[in-house]
Amino acid sequence: MNKSILFFIPKLKTGGAENLTIVLANSLVDLGYKVKIIVISNNIDNAYKVNKKIEIITLNYNRSIFALFKIISFLLNQDKMICFTSLRHLNLIVILSNLFTFRKHKVIAIETNTFSNHKNINKDLFKFYFFSFLTQLLYPFANSVIVPSMGIVKEIKKYFFLNHKIAYINNPINIRQIQKLGNDLNIPKILNNNKKNIVALGRLTWEKDYQNLIYSIKYLLKKTDVCLFIIGDGYLKIKLEKLIKELNLQSNVYLLGHIDNPYVYLKNCDLFVLTSISEGFPTSLLEALVLQPNIISTDCKYGPSEILENGKWGKLIPPANPKILCNEIFNLLNNPVKEVSTNRFIKFNKDIIMPKYIKIINKLK
């Protein structure tokens, strides 16, 4: 059996794809595999979460496409490996690179995003359709395509005709570690403010729709006193800081950036909110289920309704509507719901999910 595993990721920082890579890599090392992680950039803020037995190699490129020849060279000089890659642009580059090795390695592409999301990202229609053409052209050369939610499964089957290569596997989480970090007794002083505390967790990007979340806080302050803590970095930071200042919310909305232990915030807040316009299978929502704050999530494509069982374990609302969001936050802060059943989130534990990954690896040996 091939025991050498290589992961590709653009950055090793806060984010769903990054967290997934870390959980998978650590789990495979624990199972006796030899694992390396290739990081395209030099951003490895979360490297401390990676098992010390795992070699992390940084390529120091700002964009994945610039690393193409470096990746080809690296793959040519390695013995046969199984390569995991996440995020579609990097998936395409790794699949293409492997073709230059005459498909020496096995490639498993993890598709965490929606076709419709990529259409929104690429406002330039030529760029979008060219990107889609490359996906149609190169994805068949992946040995397997792992998809975390049924919504994305349906999209890939509809647009890319990869039925025989698709594996539907939910993202795994490390429940024991999440609970341990959530129970940290060093509770941030900023949470001791005599206000209702709301937490959002994720990169500062357009699909998270933090702009409408911030507007909802402005409306909410007419009814009750709250603080919103947004954990994560991203290219919209300056724009969101400007909005916070324009709305005079500096005492109520905080952009905390990257935090080593976001779980202590999830454990000690009154409410977790996910306001995304588009998702794949949001890990932050799984983590919130484990730590049991009340939950509000947009019913976006895809993942939230699947995770929350159509609203059984949290409130689902339409995306991009700050007034509805404001009203539902107010209602839930004043009428908290019961705790989530352990049986709901235990199914996402890495010990349950990893055998499905191992099954795929064994098929490719």
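Residues numbered from 1 in each chain as written. Predicted model: local features only at pLDDT ≥ 70, side-chain atom pairs only at ≥ 80, totals over all residues. Heavy atoms only, no water.

Caption draft 1: Here's a closer look at the overall build of the chain. If you tally the helices and strands in the chain, you get 15 helices and 13 strands. For the chain, the C-alpha radius of gyration of 21 Å lies close to 21 Å, the compact-globule estimate for 365 residues. The burial tally for the chain puts 57% of its 365 residues in the buried class. Pairs at least 24 apart in sequence give 70% of the contacts found in the chain among residues at least 6 apart. Put simply, the chain shows about 16,800 Å² of open surface, and 52% of that area lies on carbon and sulfur atoms. Of the charged side chains in the chain, 49 are positive and 25 negative, and the gap between their average positions amounts to 5 Å. (Helix = DSSP H or I, 4+ residues; strand = E, 2+ residues; numbered from the N terminus. Rg over C-alpha atoms; globule rule 2.2 N^0.38 Å. Buried < 20%, exposed > 50% of the residue type's maximum accessible area, 1.4 Å probe, protein only. Contact = heavy atoms within 4.5 Å. Areas by Shrake-Rupley, 256 points an atom, 1.4 Å probe, with all protein chains shown as cover. Lys, Arg positive; Asp, Glu negative; His and termini not counted. Charge placed at Lys NZ, Arg CZ, Asp CG, Glu CD.)

Caption draft 2: How the structure looks around the side chain of Ser-64. You can see Ser-64 is positioned in the loop between strand 3 (55-58) and helix 2 (68-76). Look at Ser-64 and you get buried, because its relative accessible area is 7%. Apart from the residues lying within four places of it in its own chain, the contact partners of Ser-64 are Pro-10, Ile-40, His-89, Leu-90 and Ile-93.

Caption draft 3: Just the pairing of strand 10 (residues 253-257), in detail. Burial along strand 10 is one-sided: the residues Val-253, Leu-255 and Gly-257 are buried and none of Tyr-254 and Leu-256 is. Inspection of the sheet shows strand 9 (residues 226-231) paired to strand 10 by four bridges, in the parallel sense. Bridge pairing links Ile-230 to Leu-255 in strand 10. As for the winding sense of the linkage, the β-α-β connection from strand 9 through helix 9 (residues 237-246) to strand 10 is right-handed. (Pairing = 2+ DSSP bridges. Right-handed = clockwise from strand over helix to strand, strands pointing away.)

Caption draft 4: Expanded view of the nonpolar core. Counting 34 residues, the largest nonpolar core has Leu-6, Phe-8, Ile-38, Ile-71 and Ile-156 as the members making the most contacts within it. Counting only elements with at least two residues in this core, the list comes to strand 1 (4-9), helix 2, helix 3 (88-99), strand 5 (106-110), helix 5 (125-138), strand 6 (144-147) and helix 6 (150-160). Those residues within four positions of Ile-71 in sequence are excluded, and the remaining contacts are Phe-8, Ile-40, Leu-59, Ile-93 and Ser-97. (Core = buried A, V, L, I, M, F, W, Y, C linked by side-chain atoms within 4.5 Å.)

Caption draft 5: Quick look at the layout of surface pockets. As a volume, the second largest pocket reaches approximately 370 Å³. Lining the second largest pocket are 21 residues, and of these Ile-22, Val-23, Asn-26, Lys-49 and Gln-177 sit closest to its centre. For the lining of the second largest pocket, the elements supplying multiple residues, two or more each, are helix 1 (16-30), helix 7 (175-182) and helix 11 (283-291). Ranked by residues supplied to the lining of the second largest pocket, first place goes to helix 1 with seven residues. (1 Å grid on protein atoms, 1.4 Å probe; cavity = no way out; pocket = protein on both sides within 12 Å on 5 of 7 lines; lining within 4 Å. Points joined across faces, edges and corners; volume = space filled by probe spheres on them.)

Caption draft 6: Quick peek at the pattern of salt bridges. Inspection of every chain in the model, using the stated rule, returns five salt bridges. A salt bridge links Arg-344 to Glu-309, with the shortest nitrogen-to-oxygen separation between them at 3.7 Å. Within this pair, whereas Arg-344 is found in helix 14 (residues 342-346), its partner Glu-309 is found in the loop between helix 12 (304-307) and strand 13 (315-317), the two being separated by 35 residues in sequence. (Salt bridge = Lys/Arg side-chain N within 4 Å of Asp/Glu carboxyl O.)

Caption draft 7: Layout of the packing of aromatic side chains. If you walk through the whole model with that rule in mind, you get five aromatic pairs. Consider the rings of Phe-84 and Tyr-357, whose centres lie 6.2 Å apart with planes at 45 degrees: the pair is tilted. With Phe-84 in strand 4 (residues 82-86) and Tyr-357 in helix 15 (residues 350-363), this residue pair connects regions lying 273 residues apart in the sequence. Here Phe-229 and Tyr-254 contribute two aromatic rings whose centre-to-centre distance is 5.5 Å and whose plane-to-plane angle is 15 degrees, an arrangement assigned as stacked. Here the residue Phe-229 occupies a position in strand 9, and Tyr-254 occupies one in strand 10, the gap between them amounting to 25 residues. You can call Phe-229 buried: its relative accessible area is 0%. Take Tyr-254: its relative accessible area is 27%, and that puts it in the partly exposed class. One aromatic cluster is present, formed by Phe-7, Phe-84 and Tyr-357 through successive ring pairs. (Phe/Tyr/Trp six-rings, centres within 6.5 Å; stacked < 30°, edge-to-face > 60°.)

Caption draft 8: Highlighting the sheet that holds strand 11 (residues 271-274). The strand order across the open sheet formed by six strands is 10-9-8-11-12-13, and the pairing between neighbours is parallel. Each end of this open sheet is capped by a strand with a single partner; those strands are strand 10 and strand 13. On average, each strand axis in the sheet is tilted by 20 degrees relative to the strand beside it, whichever way the strands run. Of the pairings in the sheet, the one linking strand 11 to strand 12 (residues 294-298) comprises four bridges and is parallel in character. From the neighbouring strand, Leu-271 faces strand 12, where its bridge partner is Asn-294. Along the sheet, helix 8 (residues 210-220) contacts strand 8 (196-201), strand 9, strand 10 and strand 11; its crossing angle with strand 9, the most-contacted strand, is approximately 170 degrees. On top of the sheet, helix 11 reaches strand 8, strand 11 and strand 12; it is set at about 165 degrees to strand 11, its chief contact. (Axes fitted to C-alpha atoms, helices over the stretch in contact; angles between N-to-C directions.)

Caption draft 9: Summary view of unusual backbone geometry. Of the consecutive residues Lys-301 and Tyr-302, the connecting peptide bond is found in the cis state with omega at -5 degrees. Backbone geometry at Gln-292 places phi at a positive 70 degrees, although glycine is not the residue there. Relative to the elements of secondary structure, Gln-292 occurs in the loop between helix 11 and strand 12. Relative accessible area serves as the criterion here: at 26%, Gln-292 is assigned to the partly exposed category.

Caption draft 10: Focus on a nonpolar patch on the surface. Judged by side-chain polarity, Phe-126, Phe-130, Phe-133 and Leu-137 come together as a nonpolar surface patch covering roughly 470 Å² of accessible area. As for its placement among the helices and strands, Phe-133 is situated in helix 5. Given a relative accessible area of 48%, Phe-133 falls into the partly exposed group. (Patch = residues over 30% accessible without salt bridge, like charges linked within 9 Å, V, L, I, M, F, W, Y side chains within 5 Å.)

Caption draft 11: Fine view of the sheet that holds strand 5. Spatially, the seven strands line up as an open sheet ordered 3-2-1-4-5-6-7, and their pairing is parallel. With partners counted over all chains shown, the strands left at the sheet margins are strand 3 and strand 7 (166-168), one partner each. Geometrically, the sheet is characterised by an average inter-axis angle of 20 degrees between neighbouring strands, direction not taken into account. As judged from the six bridges shared by strand 1 and strand 2 (residues 34-39), these two strands associate in the parallel manner. Each residue of the ladder has a partner; that of Ile-9, found in strand 2, is Val-39. Lying on the sheet, helix 3 is in contact with strand 1, strand 4 and strand 5; it crosses strand 4 at an angle near 150 degrees.

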